[in-house]
Protein chains: 4
Amino acid sequence: MPGRNHLFIPGPTNIPESVRMAMNVPMQDMRAPDFGEFILPLFEDLKKVFKTKDGQVFMFPSSGTGAWEAAVSNTLSPGDKVIVSSFGHFSHLWCDLLERHGLEVVNFDVEWGEGVPLDDYARVLAEDKDHKIKGVFACQNETASGVTSDIAGVRKVLDDCDHPALLYVDGISSIGCIDFRMDEWGVDLAVGGSQKGFMLPTGLGFVGVSQKALAARAQAKLPRTFFDFDDMIKTNATGYFPYTPATTLFHGLKESLRLLLDEGLENVFARHNRIAESVRRAVAAWELDLVARGPEWYSDTVSAIYVPDGFDATEVIGGAYKNYNLSLGTGLARLQGKAFRIGHLGDMNELMIVSAIAGAEMAMRDIGMNIDPGVGVGAATEYLRSSRAANLASDKAA
Amino acid sequence: MPGRNHLFIPGPTNIPESVRMAMNVPMQDMRAPDFGEFILPLFEDLKKVFKTKDGQVFMFPSSGTGAWEAAVSNTLSPGDKVIVSSFGHFSHLWCDLLERHGLEVVNFDVEWGEGVPLDDYARVLAEDKDHKIKGVFACQNETASGVTSDIAGVRKVLDDCDHPALLYVDGISSIGCIDFRMDEWGVDLAVGGSQKGFMLPTGLGFVGVSQKALAARAQAKLPRTFFDFDDMIKTNATGYFPYTPATTLFHGLKESLRLLLDEGLENVFARHNRIAESVRRAVAAWELDLVARGPEWYSDTVSAIYVPDGFDATEVIGGAYKNYNLSLGTGLARLQGKAFRIGHLGDMNELMIVSAIAGAEMAMRDIGMNIDPGVGVGAATEYLRSSRAANLASDKAA
Amino acid sequence: MPGRNHLFIPGPTNIPESVRMAMNVPMQDMRAPDFGEFILPLFEDLKKVFKTKDGQVFMFPSSGTGAWEAAVSNTLSPGDKVIVSSFGHFSHLWCDLLERHGLEVVNFDVEWGEGVPLDDYARVLAEDKDHKIKGVFACQNETASGVTSDIAGVRKVLDDCDHPALLYVDGISSIGCIDFRMDEWGVDLAVGGSQKGFMLPTGLGFVGVSQKALAARAQAKLPRTFFDFDDMIKTNATGYFPYTPATTLFHGLKESLRLLLDEGLENVFARHNRIAESVRRAVAAWELDLVARGPEWYSDTVSAIYVPDGFDATEVIGGAYKNYNLSLGTGLARLQGKAFRIGHLGDMNELMIVSAIAGAEMAMRDIGMNIDPGVGVGAATEYLRSSRAANLASDKAA
Amino acid sequence: MPGRNHLFIPGPTNIPESVRMAMNVPMQDMRAPDFGEFILPLFEDLKKVFKTKDGQVFMFPSSGTGAWEAAVSNTLSPGDKVIVSSFGHFSHLWCDLLERHGLEVVNFDVEWGEGVPLDDYARVLAEDKDHKIKGVFACQNETASGVTSDIAGVRKVLDDCDHPALLYVDGISSIGCIDFRMDEWGVDLAVGGSQKGFMLPTGLGFVGVSQKALAARAQAKLPRTFFDFDDMIKTNATGYFPYTPATTLFHGLKESLRLLLDEGLENVFARHNRIAESVRRAVAAWELDLVARGPEWYSDTVSAIYVPDGFDATEVIGGAYKNYNLSLGTGLARLQGKAFRIGHLGDMNELMIVSAIAGAEMAMRDIGMNIDPGVGVGAATEYLRSSRAANLASDKAA
């Protein structure tokens, strides 16, 4: 099929040219005397992205699922009580992982479209006078439903009842895209992955770990070797690894961290918000509904969009792929057939998102949905134009 | 600037991923025993793209300008009379080259927006009873104005008066995009370049040469060494070159030829027509004028679009680049400030052209042009949708 | 430093140009309708390399250490008794993993330089009348000492006493380089990694699993999510994965599998043997000793070479890297300072290994070791020449 | 064939990884507003490599042959008298170009193995009292015979008789490898190519032009368009080009210039000399003769080596390629069958040249030449070791 694929799934995301260039390298000796000099600055820059000074960030040669497992197995023991909430495919899977690892899981099933139920967490934690609950789990951005939760709120809930449980946050589809403040929010275990905001191929799982979480290792009885923090701590100190790391990805990471920090994290977040809002304007112009039930839940990295009754979202996605080489996110689990997703995270600019909006519009019209041609693109581009103008105006004022 | 650059100049064009991949190679010995086996099929496939069985295609490590010079210097002598027509920046430059090389040039200045003046050619050739005119020059596709000329018509003019002059065609921005029939149209010297329909970086100039043109070498007195056909003929026979060739580009060419022939040339032409027509639908929806003065001149590889009086096309182009990372073609020479161009040739699909249309629309609105948001994209996408549907219908019927 | 790095560590290995080219791709949707068609043949070809028809091969986005863990956690329960032998850094680490995962480990410490102690295994297994031993672990190729063990022999030991324990083989630095016969040898869990014989970057851990081992999952109580076979089985069936896979590496794997199968596995093994023997000839000419204590233990993928008393192998390695851009393998654990290693696996030919031998020779002379200049290269090249001639002769005879 | 190709032809040369990486880019608009900022520093750095402050360096999208033609056609007129000397395939070809372009050529045929005949030049120039001779041509490094000529000597000859002729130097296989001083030596036209010391693919022809040579354009009547300096001067001033340039190569050039200047030109020259000398030590150990007839002619970029009577150098080259994947330079023209060449220019280090020496040795032994195994490598490595030690000692002293 001529022309490029238009990739708008919520990860893996589009890789910037300079990152792609940086990964076009031969293999190298990960025990060379100068290897550590290459690695150590990566850890420092990762900490900036996680917004932690006190914590440590680990890099595992795995996906985000592996990083979830690392966070859990290094800090908990079988039978430990944890609370978690499920409101989409990925928050559900994390919950599932906890159960498989023998934890006593208190799960709150939330309607898809909303996020972490702060009231429920508050109630259960307040009741837990003897601090049986060892871990509180929260998914900052549910990739399946396009819902962002209030992590600062979870911290406040813990603080309000002086609860010592560790706070675990799934930031896979948020860190590097949406504001995440590990130290300020008291996040103990923060999980990220290379193929989202870090704009890399899959293959690096990140775990930001607070000093409190590091101390918890001593009691943690879950078995771990591949994901063991101890082995990492010993070798990472000088820039090395306990087993062969994914050096190619490190070269890409060096460049993607440079890109993120050069653009400035706050600018990166503002850009994601602006691109996301342009999608929401298009959705409104199409007179369709987001899965996210209100602005407080809107995700700036992915939008899940309901198709009207009588239509099959799978046909929108399949048609977009087959006819327009556009990769949209599928509706996962209970959203299958009911919603499609536009991933708008990572290396993205105005005309990229416009092509996704135009392609989704074409695919929806192709199956007979009643949408005026160009109406979504028109709403999106007007927003993009005016928001840029506003930025410029505020730039001048500053 | 985050996100990709959107490249819609009429060359260099976007490089397909597989072509880019194919060029990521180390250097190699161009005198190796097996080098010829790699090269010979390239010549065969190039002939298919030029639609010649009788002729020979040369590859010079140069740009298209060099290929122009090769065509001229191998077949003409100082003082030879030639006819040519100028109706844009590039047809003008070819005319200029002829004058610099000491030829007696009869040039027809044509209003930009039209192409080769067949009547003028017919008149002058008919009058040339003693065949003083040795060469007839025609630009198939004027990249500056987005005008395509009728090469079969030029051949007919020559045939009608039994004129033996050689027919030189600039096919740089047409071959591999728009139908070109070297043998059927009796083209003697057909000039192409790697960075247009061949979807490669700049660096290969192609010249398709008829047997008649090859025979003309004996009398041709213009000096030539780098561009000499003789040296090429001797070495090309076994797949080698008289001096170091651009081997990296050959690896890309192998893949781009595969892509063109696998898609099928007629399908490639139809795709270019469909993409181009979607741009024209957007232009109509914007209520703007093409530089090309009528459908008979419309180019399927590039559209030059006038902005209304009182507006500066340079600002559209500059704003598109600065604000939306969109590279549009500038208005060259007398079109500067009056028109901008959208290149729609090479590796292109529906959502790529849609992003160019949307970006041009945004840039035009940014300078205050009165265009309804989304109207161009709406017209373009509707055309793209309906024309695809038609294709599908005819596919089924077949 | 000008010129290329000469990489002769026993993994990551040199990446063939065509594999590197194949991985130079943009990201793609791992849930696209045609993704499965891309993946399914990879599983089939992997089975050919593992020499299994009955088993299944899994690909985890991890290193080989992760694949070890996958093999263990899917088939064993805490407290299960296993036997293992340690005779180098990596066999020791696998043993360590078993202990960390709560297994009852019977470990045989073997002098470094020898491999799996068949007699000890035979004795213990014969004594284990009530089949308390659930797993028998063997490292086919100890990368730290350059020792290859007899896996067929381990199978025979098990068969001789009709013991039903599962047979686990670490084939990370052997599969794709040295003969490995999963079905014929009755290997139940065969572990491989992308960065050795598969000539890829680190990032894929392979586990070949027999039907018997698959059946063992039902009883296995070790926790697992990231490394769970069940999730893989369900999704792999149609060419998909339970979480985001490393698609870039799959493109490289497709090409590296093609290379291995086109060359022919037996030819790949013979090439590794021939390259390895040339190193051993050099070592003999240098009058040095291999760590491997005899031909029955010689590894065809890596040679660990003792330096004489009074010299520090670390200086050889450091000097080679600093002065000649040559990456040799360091002496790990108890071999530190006593031995250096030459990795000679993967994409390797005659003149590549010659540069390693010459560089090692230079680095040894630089620290005052008494070696005649060129003697190692002379012995190696003569062997390479004569063994090639022999091949040619046998080719003719055939 | 497994493993890498070992490339030791005298161009194209091995491309450094960082240069290769830099060229892995998409196409871009060569008329973009910020394109000039990218280009202008390239011209400045090129001038440093040519060692000119007063002159200007042009970059043509061509090979070195094209750059020869540019130098000639911009500064001379048909019938102009020039002197030149031929002592190898490439100096002969330049002479041939001069004749084809209608110049009155006085050529000195020199025995291959020696270079520019200063005495002959001195005699003829002294006799040319009325300055009929407009150009003096000298090949600094004859790639076919491995002979370097004394360009400072040619300048002295001109100065001694106050002759105003322009001095043309072919520096294709010397600039960036061997000392070249455009201003100090009063070189008026200095020709270079991308695929030699600049470590790039073929595709850029460089011409360094003195102010005197620029002034000569006014009288020069040879036709030129593609190679016209005027068009370049006008557009280069702001960093643009008269026709589509080879942007991909510019990205590589930026990096290769950085590498050359970071290493330091004098260090680059010393490195080439050291690598070359190691080859000469091997040749001496083999008891063979260089084509170059004495140290004053020895080239530091390429060594042409005679095989003894009764042996065919073509078989050495063919065997090296077929059996060891080693690309040696063939014997060109009258050296065919009599000599083979080892190119040792560009991105080269100790163990790279060692593999070439070892491979040549193997190929020579394969055809029955009487050479002790390892003797060439031994001599070369001892020289490389001792010369490095010397460098270190002098480094300490400094």
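Look a little higher up for the structure.
Here's what I pulled together on the structure shown here. Predicted, not measured: the structure shown is a model, and the values here were computed from it.

1. Here we look at the interface of chain A and chain C
Point 1. Of the residues lining the interface, 51 residues belong to chain A; the matching set on chain C comes to 51 residues.
Point 2. A combined buried area of about 3900 Å² lies between chain A and chain C, and 59% of that area is made up of carbon and sulfur atoms.
Point 3. The tally of links from chain A across to chain C stands at 4 salt bridges.
Point 4. We note a salt bridge from Asp231 of chain C to Arg100 of chain A, for which the minimum N-O separation is 3.0 Å.
Point 5. For the pair chain A and chain C, the interface holds 16 residue pairs in polar contact (both at pLDDT 80 or more).

2. Some remarks on the relation of the copies chain A and chain C
Point 1. If you rotate chain A by 180° and push it 0.0 Å along the axis, it lands on chain C with an RMSD of 0.0 Å. Put plainly, the chains are arranged around a two-fold axis. Distance from the rotation axis, computed per C-alpha, reaches its smallest value in chain A at Ser62 of chain A: 2.5 Å.
Point 2. Same-surface contact between copies: 100% of interface residues of chain A are shared with the interface of chain C.

3. Considering the side chain of Glu361 of chain D
Point 1. Structurally, Glu361 of chain D can be placed in helix 12 (residues 350-366).
Point 2. Arg365 of chain D provides the closest opposite charge to the buried, salt-bridge-free Glu361 of chain D, at an N-O distance of 6.4 Å.

4. Observations regarding the interface of chain B and chain C
It is common to give the size of an interface as the accessible area lost on bringing the parts into contact.
Point 1. Counting from both sides, the interface comprises 7 residues of chain B and, opposite them, 7 residues of chain C.
Point 2. Counting the surface lost from both chain B and chain C, the interface buries some 640 Å², and carbon and sulfur atoms represent 59% of this.
Point 3. Considering only the surface of chain B that becomes buried against chain C, Glu17, Met21 and Asn24 of chain B emerge as the three largest contributors, covering 73% of it.
Point 4. Between the two partners, chain B and chain C, sit 0 salt bridges.
Point 5. Scanning the region where chain B abuts chain C turns up 0 residue pairs in polar contact (both at pLDDT 80 or more).

5. As for the packing of aromatic side chains
Point 1. Summed over the entire model, instances satisfying the criterion amount to 77 aromatic pairs over all chains.
Point 2. An angle of 75° between the planes, with centres 5.8 Å apart, marks the rings of Phe35 of chain D and Phe38 of chain D as edge-to-face. Highlighted residues: Phe35 of chain D and Phe38 of chain D, both in helix 2 (residues 35-50), separated by 3 residues, approximately one helical turn. The two residues Phe35 of chain D and Phe38 of chain D agree in class, both being buried.
Point 3. With a centroid separation of 5.4 Å and an interplanar angle of 70°, the aromatic rings of Phe60 of chain D and Phe227 of chain D are classed as edge-to-face. Residue Phe60 of chain D is found in strand 2 (residues 56-60), and its partner Phe227 of chain D is found in the loop between helix 7 (211-216) and helix 8 (229-236); the two are separated by 167 residues along the sequence. Here Phe60 of chain D and Phe227 of chain D have matching classes, each one buried.
Point 4. Members of the aromatic cluster, each reached through a chain of ring pairs, are Phe58, Phe60, Phe226, Phe227, Phe229 and Tyr243 of chain A together with Phe58, Phe60, Phe226, Phe227, Phe229 and Tyr243 of chain C.

Each value, and the rule that gives it
- Residues numbered from 1 in each chain as written.
- Chains lettered and ligands numbered in written order.
- Predicted model: local features only at pLDDT ≥ 70, side-chain atom pairs only at ≥ 80, totals over all residues.
- Heavy atoms only, no water.
- Contact = heavy atoms within 4.5 Å.
- Buried area = accessible area lost by both parts, 1.4 Å probe.
- Salt bridge = Lys/Arg side-chain N within 4 Å of Asp/Glu carboxyl O.
- Polar contact = N/O pair within 3.5 Å; in protein donor to acceptor, adjacent residues only side chain to side chain.
- Least-squares fit on C-alpha atoms with pLDDT ≥ 70 in both.
- Helix = DSSP H or I, 4+ residues; strand = E, 2+ residues; numbered from the N terminus.
- Buried < 20%, exposed > 50% of the residue type's maximum accessible area, 1.4 Å probe, protein only.
- Lys, Arg positive; Asp, Glu negative; His and termini not counted.
- Phe/Tyr/Trp six-rings, centres within 6.5 Å; stacked < 30°, edge-to-face > 60°.

These results come straight from atomic positions and should not be treated as a statement about function.
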